Structures are given as C-alpha cells and as structure tokens.
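# Structural features, examined
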Amino acid sequence: MSVLAPDIFKAYDIRGLYGSELDEEAALLIGRAFARVIGSLQDKPVAELRLGLGRDMRLQAPSMAAAYRDGMLEEGATVLDAGLVATEMLYYLVGSRELDGGLMCTASHNPKAYTGAKLVRRGAIALSGDAGIGDVRRIIEGGLGEPPGGGQVEQVELFDEFHEAALGFVDADAIKPLRVVVDGGNGMAGPMVGPLLERLGLQLETAYWTPNGEFPDHEPNPLLPENREFIMAEVLRNGADLGIAWDGDADRCFFIDDRGAFVDGDFLCALLSDSMLAKYPGAKILYDVRASWAVPDTVRAAGGTPLINRVGHAYFKARMREEGAVFGGEVSGHYYFRDFYCADSGTLPALLVLELLSGAGVPISELLGPLRSKYFISGEINSEVEDPHGKMELLAERYADARQSRLDGVSIDYDDWHFNVRPSNTEPLLRLCLESLRSREHMAEKRDEVLAVIRS
C-alpha cells in the first residue's frame, strides 16, 4: 500500500477497512511518522523517545500492532509494549510512566472489518486532525526515506497495577453486593473491569465477557439501540439493580436502569458530576455543547462550576488541563477524570455509579426520575445534507432572536428550549441535539420544526 487512503485520517484517530484501506505496510509507515511527530512535539531526537503500545482483541490487531511497533523501532524509539489491553490502559501506561507518547491499535466500536489507531502524546493527550494526525499524513506523503533503526522494545504487564489505581477512585468497602448485568460485547471490558467487579462482591451476571474479534453476538457499539436490546432484557429478567455495557476498546460504558431503560449520557454525566463534587467540593466540571441543561444545573446546585466545551476527546483533555477541571463528560459516553491523566475511562464511571447507588439506598431509576421529568431531550439526530454550513447559517437566521454561540457548530438558546447543530467531521451530515424544559410534546414539536429547516 504505497499510497495511503486519505480517508483513514479522521478527526480523532486513524481508522479504515483492514486490507483495502489500512494494512500492515501502511501501519509500518504510520508507526515511523508517528515517532517523528512525537519527536517534534517533544523537541527530542526520536532515539530518545519512549513510546507506549497496546492492542485490542481484533483479529488483525496482533499483526497490525507489530507493524506499528516495527515502524517506531525503525525510527530509533524505545517501545513499551503492553500487548492485549483496553484503550484506557494504554493511556494509563503513557501517563503513569511519563512516556513521550503512545499508540493504541484499535478500531474502537466499529464492526470487525475495521482496524485503526488512537495516538497520544505526553500526558496521554490525544493527537487530532488539527494537531498531529495531519502531520503523520504529511510526513508519509512527503516520503520517509531510509530508516535510521536502533530502537528497542520492552514488554510491560499492566493489569494488576491498573486495577489498583482504578480502585483508588472509590471506597470499595462501601459498595454493596448489588445485582449487576454486564455486557462486554466480546471486547476488552471482561479482562479490564471483570477482576475489579469480582473483587467488589457483586452479584454479577456476565455476557459476551470474553474478547473475540469475530464479535459473534453483536457489534461492540452500545450506542446503537439494537446492540442494547439484549442487556435491557437481561436486567429485567434478572431483576437487576443495574446493567452496564462497554464498547469494543472499553473506553466508554453505558448504563441500563433497574427498569430496563437506557440511561442517556447527559443524565449519567449529571449523576457523575454530583458524585465527583461530593469528593471535590467547588470543583470545575466540563460538559459538551450537545448536553442537556441537566448537567450545568446539577453542577451549580452541587456548588461546582460548569464549563461548556467543544465535542471531542482532544479538546476535552486539553481544556481540563487548562482549567484544572476534576471531571468532564460527553453525551456520547466519554467520561474524563483529572486524576486519571485527564483521560477517558470505561472503568471509573462503572465503579463510581456502583458507589453512588450503594450510598443512595434507592434504585437508579429513582435517582434519574427528577432529571427525566424536567429535561426532555431528543438525543442526537443525524441528517444527510449537501451543504451543512449553509444549513447552519439558515438556522442562525431563522432563530436570530435567540442567544447564539459558535463554540462548536451553532447553539441556539431560548429560556425554555435550546438546540445545537454540528457538522460531522467525516460525512456530509448535520447532527442535531435539542431539549425542552416544558414537556416531551414541546420537545417533539421543536425538534420537528428544526429538522424541517435542516431537511428542506
């Protein structure tokens, strides 16, 4: 693959179909270019760099990770290879060992035909299309020349150390033996979170808990409703207190309440904000432009400072460092923690929700009741449009009497309803999130009104 498919370079990672868009030959080039980019960012010769490497359970991950590793070694870097791990464990490796950067061989929640890489610099700060990923592409397209060689590799074993670090975020003794159904989606959650949940003495029902890159049961993307049907039914069948499902590389987790209903990321973010502010009174909390007003309202009520932010993990991690925010949440299920190198985790939210439920003494549906009865949200709705930016200007004009923001896409705010529209980074799509404080009917009416403008 002498010429790389340009579409593999995404806003937040590198991703494509294995074989036709991304293969081992391309991975070798990406590994080499990545090492050079990190050398430039750290202002160090590549031969002095220490870089982390991890891979998920995808069928092609062993050969792809080996190719990324060989590329980094060919440029002279030292590679700490953690082997088969979840994405946040690679972040942990980079953060805890103060490495110069790291590469996680994963295609996250995508179907099995995909492969990819998430790239981070020192401090586990993500490279993005704006900062770093574009440079990887340019270096490859400019020609890499003969490699200097001289790199070396160290194998590292992370699981025990990671588990101890994660348990430090909660009072493990306070967690009650709740009945919990977990769905690992045949991804990395089983080995990552499983040992912790067993130590907590929960009544655990596990499903699809063994990593398997064939994904024989369902795709590892719990945001798609069809992939949640199983765990929702299992929560009800088992009379469970909670259901938790993870995506493929296990850096995101999703919750099902005791009534078998999906917990929207906005409301989960509000609960986690409350929990974090109990531990860190008066702290700053980040939330994204799509979120329900439940998040900033909850943060303020708990004595914290809510800060609105652009969507995307690269932006969240950088802003959390700037502001010293203890926690950040995105409605898509990414939750970030200051004391976890400002990285996103699928382990810590699970532990924190278990701790919260154990202390609350009421079902999670009861904790969510006040939010669900006050904040009526549409969820994210995608529309294919030829000119996303033109449509955003049309909406800004149509709702000119509202408060408006251009932080990320266009946000339109009235006192009792609001919405955000953002263009997709990768497709000709506009993404709408809308909320009403009046009623579900009012939300539906305004949602349809805005969609009519978008789709006209």
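Structure shown above.
I will try to describe carefully the structure that is included in this document. Treat the numbers as computed from the prediction; the structure is a model and nothing was measured. Within any chain, residue numbers begin from 1 and follow the written order of that chain's sequence. Only residues with pLDDT of at least 70 get local features here, since the model is predicted, and only at 80 or more are side-chain atom pairs given and counted; chain-wide, interface and lining totals rely on the full set of residues. Processing note: side-chain calculations cover all non-hydrogen atoms of the structure and skip hydrogens and water entirely.

### Things to note about empty space enclosed by the protein
Lining residues are defined by having an atom within 4 Å of a point belonging to a cavity or pocket. Those points lie on a 1 Å grid over the protein atoms alone, cavities being sets where a 1.4 Å probe fits but cannot get out and pockets being open sets with protein on both sides within 12 Å along at least five of seven lines. Grid points are joined across faces, edges and corners, and a volume is the space filled by probe spheres set on the points. Here the structure, examined in full by the defined rule, presents one cavity of 30 Å³ or more. Here the largest cavity is characterised by a volume of approximately 40 Å³. Along the walls of the largest cavity sit Cys 253, Phe 254, Phe 255, Phe 262, Val 263, Asp 264, Gly 265, Leu 268, Gly 333 and Tyr 335, which together make up its complete lining. By definition, any uninterrupted DSSP run of H or I lasting at least four residues is a helix, any uninterrupted run of E lasting at least two residues is a strand, and each is numbered from the N terminus. Secondary structure elements with two or more residues in the lining of the largest cavity: β11 (253-256) and α8 (265-279). Per element, the largest residue contribution to the lining of the largest cavity is three residues, and it comes from β11. Within the lining of the largest cavity, the residues separate by chemical class into seven nonpolar, two polar and one charged. Note on residue classes: Ala, Val, Leu, Ile, Met, Phe, Trp, Tyr, Cys and Pro are nonpolar, Asp, Glu, Lys and Arg are charged, and everything else, Gly too, is polar.

### Looking at the pairing of strand β21 (residues 417-423)
Most of β21 is tucked away, with seven of its seven residues classed as buried. Burial along β21 is two-sided: the face carrying Trp 417, Phe 419, Val 421 and Pro 423 and the face carrying His 418, Asn 420 and Arg 422 are both buried. One ladder, built from four bridges, connects strand β20 (residues 410-413) with β21; its direction is antiparallel. Bridge pairing in β21 links Ser 411 to Asn 420. From the end of β20 to the start of β21, which pair antiparallel, there are three residues. Here the term buried applies to any residue with accessible area under 20% of the maximum for its type, exposed to any over 50%, and partly exposed to those in between, with areas from a 1.4 Å probe on protein chains only. Strand pairing is defined by DSSP finding a minimum of two bridges between the two strands.

### A word on the nonpolar core
Side-chain atoms within 4.5 Å are what join buried Ala, Val, Leu, Ile, Met, Phe, Trp, Tyr and Cys residues into a set we call a nonpolar core. In this structure, Leu 197, Ile 244, Trp 246, Phe 327, Phe 337 and Leu 354 are the most contacted members of the largest nonpolar core, which totals 81 residues. Residue contributions to this core peak at eight residues, all from α8. The contact rule is simple, with two residues in contact once any of their heavy atoms fall within 4.5 Å. Leaving out residues up to four positions away in the same chain, Leu 354 has contacts with Ile 175, Leu 178, Val 180, Leu 197, Leu 200, Leu 202 and Leu 242. Counting 36 residues, the second-largest nonpolar core is a separate cluster that includes Val 46, Tyr 68, Val 79 and Leu 103.

### Some details on the sheet that holds β11
In sheet architecture, strand pairing relies on hydrogen bonds along the backbone and comes in two forms, parallel and antiparallel. Spatial strand order, β9-β8-β10-β11: four strands in an open sheet with mixed pairing. Lying at the two open borders of the sheet, with one neighbouring strand each, are β9 (203-207) and β11. Averaged over all pairs of adjacent strands, the angle between their axes in this sheet comes to 20°, without regard to strand direction. Of the pairings in the sheet, the one linking strand β10 (residues 242-246) to β11 comprises four bridges and is antiparallel in character. Among the inter-strand pairings, Ile 244 is bridged to a residue of β11, identified as Phe 255. Helix axes use the C-alpha atoms of the stretch in contact, all axes being lines fitted to C-alpha atoms, and the angles between their N-to-C directions lie in the range 0 to 180 degrees. Packed on one face of the sheet, helix α7 (residues 229-238) meets β8 (179-183), β9, β10 and β11 and runs near 160° to β8.

### Regarding the pattern of salt bridges
Only one rule defines a salt bridge in this text: a Lys or Arg side-chain nitrogen within 4 Å of an Asp or Glu carboxyl oxygen. Applying the stated criterion to the full structure yields 35 salt bridges. The shortest N-O distance in the salt bridge between Arg 290 and Asp 288 comes to 3.0 Å. Assigned by exposure class, Arg 290 and Asp 288 land together as buried. When the shortest N-O distance is used, the salt bridge between Arg 319 and Glu 323 registers 3.2 Å. Of this pair, Arg 319 and Glu 323 both sit in helix α10 (residues 313-323), four residues apart, roughly one helical turn.

### Quick look at the layout of surface pockets
Approximately 210 Å³ is the volume found for the second largest pocket. Every residue lining the second largest pocket is counted, 14 residues in all, and those nearest its centre are Tyr 12, Arg 310, Tyr 315, Asp 408 and Asn 425. Split by residue class, the lining of the second largest pocket holds six nonpolar, four polar and four charged.

### A word on the pairing of β11
Neither face of β11 is left uncovered, since the one carrying Cys 253 and Phe 255 and the one carrying Phe 254 and Ile 256 both have all their residues buried. Between β10 and β11, which pair antiparallel in sequence order, lie six residues; one of them, Ala 250, sits at a positive phi of approximately 65°.

Keep in mind that these numbers describe shape and distance, not what the molecule does.
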